[in-house]
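# Observations on the model geometry
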Amino acid sequence: MIKIVKSEKSWIESNAVDQLKKIATLKGIIKAVGLPDLHIGKTPVGASYMTKDIIYPHIIGNDIGCGIGLFSTGLKKTKFKIDKSMKKLEKLSSIENIDDFIGDTDFPFKEKLGTIGSGNHFAEFEEVDKVYDEKALNEIGVNKNEIYLLVHSGSRRYGEYILNKYIKEYSCQNGIELGSDEFNEYMNEHNKAVEFAKLNREIIAHKVSSCVNAKENKKLLDSIHNSITQKKVDDGVYYIHRKGASPSDIGYIVVAGSRGSNSYIVKPMDNLFDYCFSISHGAGRKWSRFGCKEKLEKVYSKKYVRQNNMKCNLIYSDKSVIYEEAPEAYKNIERVIQDMLDENMIEVVATLKPLITYKR
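Below is a summary of the structure that appears in this document. Counting restarts for each chain: residues are numbered from 1 in the order of the written sequence. Under the rules for a predicted model, residues below a pLDDT of 70 receive no local features and side-chain atom pairs below 80 are neither given nor counted, while totals for whole chains, interfaces and linings still include all residues. No hydrogens and no water enter the side-chain calculation; it runs on all heavy atoms of the structure.

Helix and strand counts for the protein stand at 11 helices and 17 strands. Overall, the protein is about 55 × 50 × 45 Å in size when its C-alpha atoms are taken along their principal axes. Think of it in three bands: residues with accessible area under 20% of the maximum for their type are buried, residues over 50% are exposed, and the middle band is partly exposed, with areas taken using a 1.4 Å probe on protein chains only. Counting only residues that meet the buried cut, the protein has 55% of its 360 residues in that class. A fraction of 78% describes how many contacts in the protein between residues 6 or more apart in sequence connect residues 24 or more apart. As displayed, the protein has an accessible area near 16,700 Å², and 45% of this comes from carbon and sulfur atoms. Counting from the N terminus, the helices are DSSP H or I runs at least four residues long and the strands are E runs at least two residues long. Any two residues having at least one pair of non-hydrogen atoms within 4.5 Å are treated as being in contact. Areas reported here follow the Shrake-Rupley algorithm with a probe of radius 1.4 Å; residue values treat only the protein chains shown as occluding.

Laid out in C-alpha cells, this is it:
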C-alpha cells in the first residue's frame, strides 16, 4: 500500500514519488507513506515505511538518530537581547565539562559530541509566537513569556560508520531478516547511535544556552527523524522505518520550519496506522542544495551577505549555508501543516518564531 499525503495546493516533485514507489516494491514492505514534506534524496526524505520480518538500513541512511529537541532557557522574552546574544554566540568555540555528560559511556567518535554538523542542522533560539492550545502548552512546560532553544542534529560520523559497515559487510540494500545475527548486531548499533544523537543534542543545548547565560537547560521535547523502531499492533509486530519523519506515538512534536519561518508544536492524533505512525518532520526541501547559490545570488548579494543584512539573525562559518539553507529553498511550512490538519493527523498547539539561528 502506497499513500501520498498532499492536497491540490501542495507540491511534491514526481522524482520523490518515483523513489518512494520503488522502495515500496522491496520484500516485506507492507506500507509506504510520503508525507507533505516529501522530497528527493538518496532515499526519499519525508517518508515512512512499515515492514514485516525484515529491515532496510539504507532506507534511513547515514544520520541514524537525527532529530530535534526543544530546551528551556529560563530567560524572559523581555530580557533577551538579540544583538548582545549574537555577539556572545559569535565567540562560541569550545565545549566545557563534556565529561559530565558522557560519564562512563563509551561511544565511538565521541569527539564529535557537541557539534551541530552541516546541512539543515542548527541550534535556534525561539519565542512563542501564537498559542492555539494553552492547556497543552502548559502540559509540555512551555511558558509563552520565555525563550526556548531548538536543536536539530544527529549522530554525526557514528551513523555514517554504521551504514557503511552494513552496506559493505552484509549488502544490506537487500534487507536484513529478523532473527539473523546481522539483524541483532545492526539494531544494537542503531540504538547506540540513537542515544549518541540524543546526547549530542543535549550537549549542544547546554553549550549554546550557557553562552547566553541561560538560567536553565531542561529538555522538554525530543523526536527522532531517522530510525527503525519496533511497533506492536493487533495483528503482529512491524518495523517502522522513518527517513525525515517524526513518530506520531510519543506525544507532542516540533515540526521545524526554515530559518525564516515559524516552527510548530503539534499533537499527533492517536493510532495513525495508515500513515505508518508518522508525521512530517519539517517543511521539506523545495530545491536541492546544488544550484541554490545560482538561484539566490541576486537575492543575497555579496554586500548583503557581508553586512549580514538578511531577513534572519544567522551565525555561520560556511557561506554556502546562506544559499543552500535559505528559506526560499524550502517548502511552505504552513502548507505542510495544513495538509496534515486536512488529513486529521495533528492538532496545532503553538508556533515558535526564530530569533537567532546558530549553524557552526
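This part takes up the sheet that holds strand β2 (residues 29–39). In spatial order, the strands read β1-β2-β3-β11-β10; together these five strands make up an open sheet with mixed pairing. Edge strands, defined here as strands with exactly one partner in the open sheet, are β1 (2–4) and β10 (226–233). Averaged over all pairs of adjacent strands, the angle between their axes in this sheet comes to 15°, without regard to strand direction. The rule for pairing is simple: two strands pair if DSSP sees at least two bridges between them. Taken together, the five bridges between strand β3 (residues 45–51) and strand β11 (residues 236–243) define a ladder with antiparallel strand orientation. Throughout, an axis means a line fitted to C-alpha atoms (over the contacting stretch in the case of helices), and angles, computed between N-to-C directions, take values from 0 to 180 degrees.

On to the packing of aromatic side chains, then. Two aromatic rings, drawn from Phe, Tyr or Trp (for Trp, its six-membered ring), form a pair once their centres lie within 6.5 Å of each other, and the interplanar angle then sorts them: stacked below 30 degrees, edge-to-face above 60, tilted otherwise. This model, assessed by the stated rule, comprises nine aromatic pairs. With 5.6 Å between their ring centres and 65° between their planes, Tyr 158 and Phe 196 make a pair best called edge-to-face. Here Tyr 158, found in helix α6 (residues 157–170), pairs with Phe 196, found in helix α7 (residues 181–211); they are 38 residues apart in sequence, far enough to count as distant. Here Tyr 158 and Phe 196 have matching classes, each one buried. One aromatic cluster in this structure is built from Phe 107, Phe 109, Tyr 158, Tyr 161 and Phe 196. Cation placement over rings: the criterion is NZ of Lys or CZ of Arg within 6 Å of the ring centroid and within 35° of the ring normal. Its guanidinium or amino end placed over the ring of Tyr 238, Lys 52 lies 5.0 Å from that ring's centre, counting from NZ or CZ.

By the element assignment, Asn 313 lies in the loop between α9 (302–306) and β16 (314–316). When the C-alpha positions of Asn 313 and Ala 47 are compared, they lie 31 Å apart, and in sequence the two are 266 residues distant. Look past the residues within four positions of Asn 313 in its chain and what remains in contact with it is Ile 82, Met 86, Leu 355, Ile 356 and Thr 357. Whenever a nitrogen or oxygen atom comes within 3.5 Å of another N or O atom, the pair is scored as a polar contact, on the condition that within protein one atom can donate a hydrogen and the other can accept it, and that pairs from neighbouring residues in sequence are kept only if both atoms are in side chains. In terms of polar contacts, Asn 313 uses its side chain to reach the backbone carbonyl oxygen of Leu 355, at 2.8 Å.

Glancing now at the pairing of strand β14 (residues 263–268). Most of β14 is tucked away: five of the six residues are buried. Judged from the three bridges that link them, strand β13 (residues 253–255) and β14 form a sheet pairing that is antiparallel. Its bridge partner lying in β14, Val 255 is registered against Tyr 264. Both β14 and strand β17 (residues 346–359) contribute to a ladder of six bridges, which runs antiparallel. Paired with Lys 267 across the bridge in β17 is Glu 347.

Moving on: α7. Compared with an ideal rise of 1.5 Å per residue, which puts 31 residues at 45 Å, α7 spans 45 Å between its outermost C-alpha atoms and is within 8% of the ideal. Directly beyond the C-terminal end of α7, a positive phi value near 60° is found at Asn 213. To estimate how far a helix should extend, the number of its residues minus one is multiplied by 1.5 Å.

Okay, helix α11 (residues 333–342) next. Within α11 the residues assigned to the buried category are Ile 333, Val 336, Ile 337, Asp 339 and Met 340. Across the axial projection of α11, the buried residues extend over an arc of 155°, all falling on one side. Those residues of α11 that are buried lie in contact with β2, β13, β14, β15 (278–280) and β17. The backbone nitrogen of Glu 334 has a side-chain oxygen 2.8 Å away, supplied by the residue at the start of α11, namely Asn 332. Asn 344 lies just past α11 and shows a positive phi near 60°. The directions considered for the arc run from the helix axis to the C-beta atoms.

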